[in-house]
Amino acid sequence: MQDEQSYLPWEEFEFDGIYGLLYYTQVVPGHDGRLVFGYVKDKSCVFMQGRFHLYEGYSLCQVTFPVRVFKLMGVETIIVTNASGGLCQDFKVGDIMVIKDHINLPGFAGQHPLCGPNDERFGIRFPCMSDAYNKVLRKLALDISMELGYSNFVREGVYCMVSGPNFETIAEARMLHVLGSDSVGMSTVPEVTVAKHCGLHVLGLSLITNKVSLDYSREEKVNHEEVLQISKMRAEMLQKVLTTFIAHSHQVEDINSN
Ligand SMILES: O=P(O)(O)O[C@H]1O[C@H](CO)[C@@H](O)[C@H]1O
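The rules behind each value
Counting of residues starts from 1 at the beginning of each chain's written sequence and follows it residue by residue. Local features in a predicted model are, by the rule used here, given only for residues with pLDDT of at least 70; side-chain atom pairs are given and counted only at 80 or more, and totals for whole chains, interfaces and linings are based on all residues. Side-chain metrics in this entry use all non-hydrogen atoms of the structure; hydrogen atoms and water are not considered. Each reported salt bridge corresponds to a side-chain nitrogen of Lys or Arg within 4 Å of a carboxyl oxygen of Asp or Glu. Numbering goes from the N terminus for both helices and strands, where a helix is a DSSP run of H or I of at least four residues and a strand is a run of E of at least two. Burial classes: relative accessible area under 20% of the type maximum marks a residue as buried, over 50% as exposed, and values in between as partly exposed (1.4 Å probe, protein chains only). Using a grid of 1 Å spacing that covers the protein atoms alone, one calls a set of points a cavity when a 1.4 Å probe fits there but cannot get out, and a pocket when the set is open and has protein on both sides within 12 Å along at least five of seven lines; lining residues are those with an atom within 4 Å of a point. Grid points are joined across faces, edges and corners, and a volume is the space filled by probe spheres set on the points. Under the scheme applied, nonpolar residues are Ala, Val, Leu, Ile, Met, Phe, Trp, Tyr, Cys and Pro; charged residues are Asp, Glu, Lys and Arg; polar residues are all the others, including Gly. Pairs of residues are marked as contacts when any of their non-hydrogen atoms sit within 4.5 Å. DSSP bridges decide pairing: two strands pair if at least two such bridges lie between them.

Observations regarding the pattern of salt bridges
Thought 1: Considering all chains together, one arrives at 7 salt bridges under this definition.
Thought 2: For the salt bridge of Lys196 with Asp131, the shortest nitrogen-to-oxygen distance reads 3.1 Å. Residue Lys196 is found in helix α5 (residues 189–197), and its partner Asp131 is found in the loop between α2 (105–108) and α3 (135–147); the two are separated by 65 residues along the sequence.
Thought 3: In this structure Asp131 comes out as partly exposed when scored by relative accessible area, which is 30%.
Thought 4: One salt bridge connects Glu156 with Arg138, and the closest N-O pair in it is separated by 2.9 Å. With a gap of 18 residues between them, Glu156 in strand β7 (residues 154–161) and Arg138 in helix α3 connect regions that are remote in the sequence.
Thought 5: Residues joined in a network through salt bridges with shared partners are Lys92, Asp95 and Arg155.

Below is the structure:
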């Protein structure tokens, strides 16, 4: 049902054991632009089906605004997912990378979501980022992947954010690889930075949708359609990992044993 009076159009839904409300916004193709409130098993969750990107012209304050809203709503753990290009030569298209750490390349150039006056109600001026991706949640995600029989596709690695919107040149890709990046994408890091700043626990999963060329003799050219196609192909598997993860998250005894 659409409510023309409200700021965002919405409808009720029930799908695969998840019940809730959908709210719609405008975003990039492949991102549905829906905010979904519902339950997975007995856990109340809010899902962003899509996100805002720096390359769309949003400020990093806008990109990360939902994270602060989630914090104020009482969310304690955030699971971020994305599509990225594989730089690590061992990665295959379709692999899922549990994000161990990130490189905030736009942040190095001053495009950082925490620039400007610090709002002490959310967190401190100089937050530590060395443990942004919670170790206990990473282990649970890896254990669950193994139990589901997905261990051949699931890896751990370092995600590097670039601003986009163009895909990398070969020289840029080589540089990112040398810097220690296992995959590259155009999102996620601002949201994770703001989440860590305000004390949320973070799990990050990155789907490797393409191999990034480090070699001038390779003919393949990455494109967004390929990214969407691989994302669709792996959607069911990712959904299984995520719903199992959420259902088992009560097993985490001491989330702070980082
Ligand atoms: O990071 P997400 O939004 O998942 O998507 C990735 O895929 C798009 C490029 O095909 C870019 O938006 C890039 O960041």
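A closer look at empty space enclosed by the protein
Thought 1: Throughout the structure, instances matching the rule amount to 1 cavity of 30 Å³ or more.
Thought 2: Reported here for the largest cavity is a volume of approximately 30 Å³.
Thought 3: The wall of the largest cavity is formed by Leu60, Asn104, Pro106, Gln111, Pro113, Met161, Val189 and Pro190.
Thought 4: Here the residues of the lining of the largest cavity are counted per class, giving 6 nonpolar, 2 polar and no charged.

Brief notes about the environment of Leu105
Thought 1: With respect to the element layout, Leu105 can be found in helix α2.
Thought 2: A relative accessible area of 22% means that Leu105 is categorised as partly exposed.
Thought 3: Taking C-alpha positions, Leu105 is 17 Å from Tyr58, a pair spaced 47 residues apart along the chain.
Thought 4: When neighbours within four sequence positions are excluded, Leu105 is seen to be in contact with Cys160, Met161, Val162, Met175 and Leu176.

Points about the pairing of strand β9 (residues 201–211)
Thought 1: Within β9, 10 of the 11 residues are buried, leaving the element largely enclosed by the surrounding structure.
Thought 2: In this structure, strand β5 (residues 77–86) lies alongside β9, joined through 10 bridges in parallel fashion. Opposite Asn82, over in β9, you have Ser206 as the bridge partner.

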